[in-house]
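These are the residues of each chain, in order.
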Amino acid sequence: MVTASEIILAIVIVGLSIVMPIYYSYQRKKNPKQDNKPADGNEIKNYIDKINEITRKKHK
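How each quantity is defined
- Residues numbered from 1 in each chain as written.
- Predicted model: local features only at pLDDT ≥ 70, side-chain atom pairs only at ≥ 80, totals over all residues.
- Heavy atoms only, no water.
- Patch = residues over 30% accessible without salt bridge, like charges linked within 9 Å, V, L, I, M, F, W, Y side chains within 5 Å.
- Areas by Shrake-Rupley, 256 points an atom, 1.4 Å probe, with all protein chains shown as cover.
- Salt bridge = Lys/Arg side-chain N within 4 Å of Asp/Glu carboxyl O.
- Helix = DSSP H or I, 4+ residues; strand = E, 2+ residues; numbered from the N terminus.

Undergrad: Tell me what's going on with a nonpolar patch on the surface, and back it up with residues and numbers.
TA: Together, I8, V12, V14, L16, I18, V19, M20, I22, Y23 and Y24 give the surface a local cluster of nonpolar side chains, amounting to about 950 Å² of exposed area. Along the polypeptide, M20 turns up in helix α1 (residues 4-30).

In structure tokens:
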């Protein structure tokens, strides 16, 4: 049988799963400068190339 505390906990979880995405989307619209900006494309490319070289050396 479901107890009252389990019902309350379920309501809190469902409520938060509805409220939190709305809150965060509002914050993103309010402060667009705080969005995570991707790193330089060159930095990412160099990092991937480095990993590829290490992987190729392991397989030889």
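On we go from here.
Undergrad: Report on the pattern of salt bridges, specifying residues and quantitative values.
TA: Under the criterion given, the structure shown has one salt bridge. Across the salt bridge formed by D49 and K45, the nearest N and O atoms sit 3.4 Å from each other. Placement of both D49 and K45 in helix α2 (residues 41-59) is noted, with a separation of four residues, approximately one turn of the helix.

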